[in-house]
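These are the residues of each chain, in order.
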Amino acid sequence: MSAATKKKHVLLETINNYSLPTDTQTIVRIKGPRGNNLHDVETATGETFIASMPVKFRKTIWTKRGDFVIIEPIEEGNKVKAEIIQVLNRDIIKYIKSEGMWPKEFELNEDAVEKNGYNIDKDMLPSSSDEESDYSDKDLDNNQ
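Read on for an overview of the structure.

**Observations regarding the overall build of the protein**
Stage number 1. Tallying secondary structure elements over the protein gives three helices and seven strands in all.
Stage number 2. Going residue by residue from the N terminus, the α and β elements of the protein occur as α-β-β-β-β-β-α-β-β-α.
Stage number 3. Across the 144 residues in the protein, those meeting the buried criterion constitute 26%.
Stage number 4. Sequence separation of 24 or more characterises 54% of the internal contacts of the protein that already satisfy a separation of 6 or more.
Stage number 5. In the form shown here, the protein has an accessible surface area of approximately 10,700 Å², with 48% of it arising from carbon and sulfur atoms.

**Things to note about the side chain of Q25**
Stage number 1. Structurally, the position occupied by Q25 is in the loop between α1 (3-16) and β1 (26-35).
Stage number 2. Within the structure, the side chain of Q25 is placed 3.1 Å from the side chain of E72, a separation counted as a polar contact.
Stage number 3. With residues up to four places along the chain from it excluded, the contact list for Q25 reads L20, I70, I71, E72 and I85.

Conventions used here
Every chain begins its residue count from 1, and numbering advances along the sequence as written. Residues qualify for local features only when their pLDDT is at least 70, as the model is predicted, and side-chain atom pairs are given and counted only at 80 or more; totals for whole chains, interfaces and linings, by contrast, use all residues. By convention in this description, side-chain values take in all heavy atoms of the structure and omit both hydrogens and water. Labels follow the DSSP assignment, with helices taken as runs of H or I lasting at least four residues and strands as runs of E lasting at least two, numbered in each case from the N terminus. Only protein chains enter the accessibility calculation, which uses a 1.4 Å probe; a residue whose area is less than 20% of its type maximum is buried, one above 50% is exposed, and one in between is partly exposed. Only heavy atoms matter for contacts: two residues are in contact if any of them lie within 4.5 Å across the pair. Per-residue and other accessible areas follow the Shrake-Rupley method at a 1.4 Å probe size, with only the shown protein chains counted as cover for residues. For this analysis, a polar contact is any N or O atom pair within 3.5 Å, provided that within protein one partner can donate a hydrogen and the other can accept it, and provided that sequence-adjacent residues contribute only side-chain to side-chain pairs.

Here it is in structure tokens:
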């Protein structure tokens with residue numbers, strides 16, 4: 001199997017895999033990358049540790065801060081305590097929520113507004129007053 005075909009199958013498996021976490025698996029949030037396919041993750045209880053990205057996901061699936069993944073604990077190693085089993089997209093998260101298995105601690109803040117895929121608190125948005133928006137296009141163009 002060629003590398004492109006393998007990537008295609010891994011990507012399709014990630015998108016179409018609507019399996020729920022088992023008893024040994026946990027849903028966690030990615031806090032940030034550590035490098036070398038390692039990620040800082042945070043559980044619903046607030047515990048932070050390092051999880052590794054398996055070889056099949058490398059250079060095929062990318063994650064960023066705030067993404068959710070399903071992990072499975074591993075015994076070997078002192079620092080790396082888990083391995084990523086599945087990267088969760090929006091549809092899979094909706095499915096897990098509908099099944100009632102989503103951790104309550106990861107629910108969105110009610111005062112947050114989703115804008116361009118990011119959750120922003122309402123008090124962090126600019127005010128909607130017209131005082132600041134009375135500039136005409138001519139005032140902004142300094143090249144004339």
